Amino acid sequence: MPDIAARHIVIGGVLMGAGIGIMHYTGMAAMVMQAERLYQPLMFGLSIAGAVMLATLALGVRLWLAPHIRRPALLELISSVVMGLAIASMHYIAMHATVYLPLAETTVGALNVMTKQTLGTLAVVVAVSILVLATITVLMRRQVQEAQQSRLRARSKVQQLDQRWQRIASRVPGLVYELRLHSDGSFTFPYASDAMLDLYGVSPEQARQDGMQVLYAIHPEDQDAVLQSINQSAEQLTLWHHEHRVIMADGQIRWLLSNAQPQRDDAGVSWSGFTTDISPRKAAEEQIRQLAYYDALTGLLNRGRIQQHLQQLCDELNPQQHYAGVLLLDIDNFKRLNDTQGHQAGDELLKQVAGRLNQAIPANSSCGRISSDEFVLLLAKLPTSEQTLMAELELICAELKQQLQQPFQLNQHYYHCSFSFGFALADGPGGSSAELLKRADIALSHAKQAGGNSLVCFSPAMTEQIQQRYTLELALANAVTANQLQLHYQPQLADSGDVIGVEALLRWQHPELGAVSPAQFIPLAEANGQIEKIGDWVLQQACAQLQQWQQNPQFATLTMSVNISARQFYLPEFVSIVQHYLQQFKLAPELLILELTESLVLANLDDAVAKMEQIKQLGVRFSMDDFGTGYSSLSYLSRLPFDEVKIDQYFVRSGSSGNPRDWVIVDAIIGIARTYGMTLVAEGVETEMQRQLLLKSGCRCFQGYLFARPADIAATESWIKSQTR
């Protein structure tokens with residue numbers, strides 16, 4: 001039911017009662033009769049008053065009886081009856097107020113009555129007043145209704161906006177809130193969206209009643225920082241921006257980020273803002289940090305983080321109090337484990353090694369993994385006394401070995417391994433972490449080269465060796481194109497003294513370094529792969545020289561022995577290369593002898609035999625160089641298609657020095673070569689006694705300083721000519 005005020009009912013009753021009265025008395029005046037109508041003022045007033053009272057009662061009865069009578073039809077019936085009483089009472093009281101006098105007796109002086117003219121005037125005044133009042137009432141009612149409608153529309157709009165705001169707030173990925181800090185230091189949340197329950201475990205209603213419950217949900221370690229940041233924002237009226245953790249009911253920890261803009265008023269400071277869950281971002285940041293600073297396989301510090309820690313040690317180093325050091329350790333023969341058991345077993349070994357290192361490292365030390373099977377320990381606060389330092393270092397390595405040399409269980413089997421150690425000392429401020437790691441790595445390389453399972457400490461001489469090797473490697477890269485390489489030749493003589501062939505030997509004459517020994521640059525070329533290019537150049541030059549000799553009758557029968565490296569021999573196209581040079585220089589293939597070491601052949605026996613057979617079909621012969629220095633030569637010799645065997649100079653020298661055991665080996669080599677129909681060449685023959693012993697044992701071909709040293713082509717040809725005169 002519309003909200004109707006009592007004054008509205010009274011005004012309506014007055015107008016309705018007055019209208020009834022006017023209707024009655026106007027109707028009476030309209031009657032045509034042979035009598036004068038006069039009205040008693042008191043009864044006239046009572047008739048109007050009764051009509052007004054009953055009309056007011058009729059209009060208000062529905063409102064006043066509504067709480068007691070629930071049936072609308074009954075209320076309408078009662079209102080109609082009362083309105084009927086108002087009309088009826090008005091009629092009968094008005095009739096009682098009327099005095100009729102015949103026209104001839106119309107004298108009103110002694111009677112207290114109103115004349116028709118007076119009543120008419122009064123009726124007109126009342127009617128006009130009612131009309132004016134009704135008009136005003138209608139206009140005011142219309143304004144009131146418009147105001148009510150405007151208020152209803154405004155209320156509806158507010159409700160719609162509130163509902164829209166609630167929907168928006170509920171869809172925002174986070175908590176929307178208003179926080180108020182009172183002068184007594186207490187908190188309240190005049191508004192909080194439903195996300196309050198999800199983020200803090202506190203309902204919005206609970207937060208409105210007691211804001212401290214939200215504070216209690218924050219991680220205890222973060223509560224002071226949150227309060228401090230809020231107070232600082234309140235004092236400076238600056239944006240509140242703070243990350244903090246909350247502990248949920250299930251024990252889960254979440255990271256939240258709160259942003260709010262403060263404003264000050266008479267009641268204190270309030271903030272309007274939002275809070276979002278940044279747990280996924282924090283987890284991603286932690287994962288990035290883990291990947292940036294820790295090894296994914298072992299969980300140890302990675303190379304980048306180790307370098308940061310080491311640089312910090314160097315920067316903070318006080319050599320008057322203590323030193324620091326880097327200890328690298330490497331698993332010996334780790335590649336063999338990967339090749340035989342697979343990378344899964346290798347990874348498992350690395351994880352177990354990391355676990356033992358974490359348990360065995362001394363105090364004030366850091367441990368990390370910086371490459372495949374290479375680990376590092378950063379040792380802080382080492383003693384400054386050299387003797388004490390070495391004793392402590394050896395003790396650390398001994399404890400590490402004790403832990404690490406215990407068997408590791410891999411794939412239900414036990415695996416034993418040894419470790420090599422390289423140590424570099426930081427004994428002065430301002431050092432470089434990269435340089436210290438480099439020094440420790442150099443020391444570790446020396447430990448590996450020495451056979452492993454040992455500790456090597458860095459010394460400056462090692463850097464000099466590395467620098468020399470690096471300089472040599474750079475120079476060797478340009479040696480072929482700069483025409484710095486050349487071939488020298490050493491003759492091979494039969495027992496008759498005739499020259500039957502030569503061995504081509506590589507020499508390097510550098511414009512600054514001078515004559516570089518083959519013992520220096522050939523292993524270097526084999527290690528860095530340059531031997532493939534250099535070996536091809538040697539083979540080409542030897543074939544070109546052999547072609548020239550074939551055109552000279554004095555040299556036409558000489559053989560040319562060329563040393564072939566392992567990398568060169570196992571090239572897939574090596575057979576084609578040999579065939580190409582034979583065709584290019586139109587050589588008699590039997591004059592070309594390729595020298596292979598037994599270690600080269602035994603590295604891949606089946607492949608080596610197959611490739612040798614293909615080349616032998618071209619007519620080229622093979623010679624086994626340095627025979628007897630390996631471990632399996634005698635057992636495999638029957639399978640290898642060699643045409644010639646060269647007795648290593650070690651056996652020639654030691655056998656001629658009076659050691660009968662070594663000469664027994666020479667006799668055995670000669671006997672085996674005869675058995676398989678191979679020719680023999682003894683290398684390194686330097687004395688006549690050696691030649692006589694070899695002749696006595698049955699060797700008929702010699703090569704060594706006793707006859708001629710290796711020389712360039714001009715000197716070699718001159719020497720050969722001198723022998724044939």
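The structure this text deals with has already been given above.
Caption draft 1: Looking closely at the overall build of the chain. Counting its secondary structure elements, the chain contains 26 helices and 23 strands. Evaluated residue by residue, the chain yields a buried proportion of 42% over its 725 residues. Across the chain, every contact between residues at least 6 apart in sequence was considered, and the portion connecting residues at least 24 apart equals 65%. Carbon together with sulfur atoms contributes 54% to the accessible area of the chain, which is approximately 38,800 Å² in total.

Caption draft 2: Seen up close, the packing of aromatic side chains. All chains considered together, the criterion is met by nine aromatic pairs. Consider the rings of Trp 508 and Phe 521, whose centres lie 5.5 Å apart with planes at 85°: the pair is edge-to-face. Of this pair, Trp 508 sits in strand S16 (residues 499-510) while Phe 521 sits in helix H16 (residues 518-528); the two residues are 13 residues apart in sequence, bridging distant segments of the chain. The class for Trp 508 is buried, based on a relative accessible area of 1%. Residue class for Phe 521 comes out buried when judged on its relative accessible area of 1%. On the basis of an interplanar angle of 20° and a centroid distance of 5.7 Å, the ring pair of Trp 549 and Phe 555 is categorised as stacked.

Caption draft 3: Highlighting a nonpolar patch on the surface. Nonpolar side chains collect at one region of the surface, where Leu 74, Leu 77, Val 81 and Leu 85 lie side by side and expose about 350 Å² of accessible area between them. Here Leu 85 is to be found in helix H3 (residues 72-96). Judged by its relative accessible area of 46%, Leu 85 falls in the partly exposed class.

Caption draft 4: Molecular detail of the sheet that holds strand S7 (residues 268-277). Overall, antiparallel pairing links the five strands, which are arranged S4-S3-S7-S6-S5 in an open sheet. With partners counted over all chains shown, the strands left at the sheet margins are strand S4 (187-192) and strand S5 (240-247), one partner each. Strand-to-strand twist of the sheet, defined as the mean angle between neighbouring strand axes without regard to direction, takes the value 30°. Examined bridge by bridge, S5 and strand S6 (residues 253-265) share eight bridges and lie antiparallel to one another. Bridge assignment links His 244 to a residue of S6, and that residue is Leu 256. Here helix H8 (residues 220-236) sits on the sheet and contacts strand S3 (175-182), S4, S5, S6 and S7; the angle it forms with S5, its principal contact strand, is near 160°. Packed onto the sheet, helix H9 (residues 279-293) meets S5, S6 and S7 and runs at close to 125° relative to S6.

Caption draft 5: Here's a closer look at unusual backbone geometry. The residue Lys 381 is not glycine, and still its phi comes out positive at about 55°. Position of Lys 381 among the secondary structure elements: in strand S10 (residues 374-382). Phi at Lys 586 takes a positive value of approximately 50°, unusual for a residue other than glycine. Its place among the elements puts Lys 586 in the loop between helix H19 (574-584) and strand S19 (592-597).

Caption draft 6: Spatial organisation of the sheet that holds S10. Strand order across the open sheet formed by five strands is S9-S10-S8-S13-S14, with mixed pairing between neighbours. With partners counted over all chains shown, the strands left at the sheet margins are strand S9 (365-369) and strand S14 (455-457), one partner each. Strand-to-strand twist of the sheet, defined as the mean angle between neighbouring strand axes without regard to direction, takes the value 20°. Sheet strands touched by helix H10 (residues 303-316): strand S8 (323-331), S9 and S10. Its angle to S10, the strand with the most contacts, is close to 15°. Strand contacts of helix H12 (residues 343-360): S8, S9, S10 and strand S13 (419-426), with the helix running at about 10° to S10, the strand carrying the most contacts.

Caption draft 7: Spotlight on the packing of H10 against helix H14 (residues 433-449). Relative orientation of the contacting elements H10 and H14 amounts to 110°, with a least axis distance of 8 Å. In terms of orientation, H10 lies roughly perpendicular with respect to H14. On H14, the residues that touch Arg 303, Gln 307, Leu 310, Gln 311 and Cys 314 of H10 are Ser 433, Ala 434, Leu 436 and Leu 437. For the contact of H10 with H14, the per-class residue count stands at five nonpolar, three polar and one charged.

Caption draft 8: Layout of the nonpolar core. Trp 508, Met 560, Phe 569, Leu 594, Leu 596, Phe 642 and Leu 694 are the most contacted members of the largest nonpolar core, which has 77 residues in total. Looking at this core element by element, the count peaks at nine residues for helix H17 (residues 531-550). Excluding anything up to four places from it in sequence, Phe 569 contacts Ile 564, Phe 574, Leu 596, Leu 600, Ala 608, Lys 611, Met 612 and Phe 622. Formed by 32 residues, the second largest nonpolar core is a distinct cluster that contains Cys 367, Leu 393, Phe 408 and Phe 423.

Caption draft 9: Main features of the pattern of salt bridges. This structure, assessed with the given rule, holds 23 salt bridges. A salt bridge links Arg 254 to Asp 277; the shortest N-O distance between them is 3.9 Å. Of the two residues, Arg 254 sits in strand S6 while Asp 277 sits in strand S7, which places them 23 residues apart along the sequence. Among the ionic pairs, Lys 448 bridges to Asp 330, the shortest N-O distance being 2.6 Å. Of this pair, Lys 448 sits in helix H14 while Asp 330 sits in strand S8, and the two are 118 residues apart along the sequence. One network of salt bridges, with partners in common, ties together Glu 243, Arg 281, Lys 282 and Glu 285.

Parameters and conventions
- Residues numbered from 1 in each chain as written.
- Predicted model: local features only at pLDDT ≥ 70, side-chain atom pairs only at ≥ 80, totals over all residues.
- Heavy atoms only, no water.
- Helix = DSSP H or I, 4+ residues; strand = E, 2+ residues; numbered from the N terminus.
- Buried < 20%, exposed > 50% of the residue type's maximum accessible area, 1.4 Å probe, protein only.
- Contact = heavy atoms within 4.5 Å.
- Areas by Shrake-Rupley, 256 points an atom, 1.4 Å probe, with all protein chains shown as cover.
- Phe/Tyr/Trp six-rings, centres within 6.5 Å; stacked < 30°, edge-to-face > 60°.
- Patch = residues over 30% accessible without salt bridge, like charges linked within 9 Å, V, L, I, M, F, W, Y side chains within 5 Å.
- Salt bridge = Lys/Arg side-chain N within 4 Å of Asp/Glu carboxyl O.
- Pairing = 2+ DSSP bridges.
- Axes fitted to C-alpha atoms, helices over the stretch in contact; angles between N-to-C directions.
- Parallel < 35°, antiparallel > 145°, perpendicular 65-115°, else oblique.
- Nonpolar A, V, L, I, M, F, W, Y, C, P; charged D, E, K, R; others polar.
- Core = buried A, V, L, I, M, F, W, Y, C linked by side-chain atoms within 4.5 Å.

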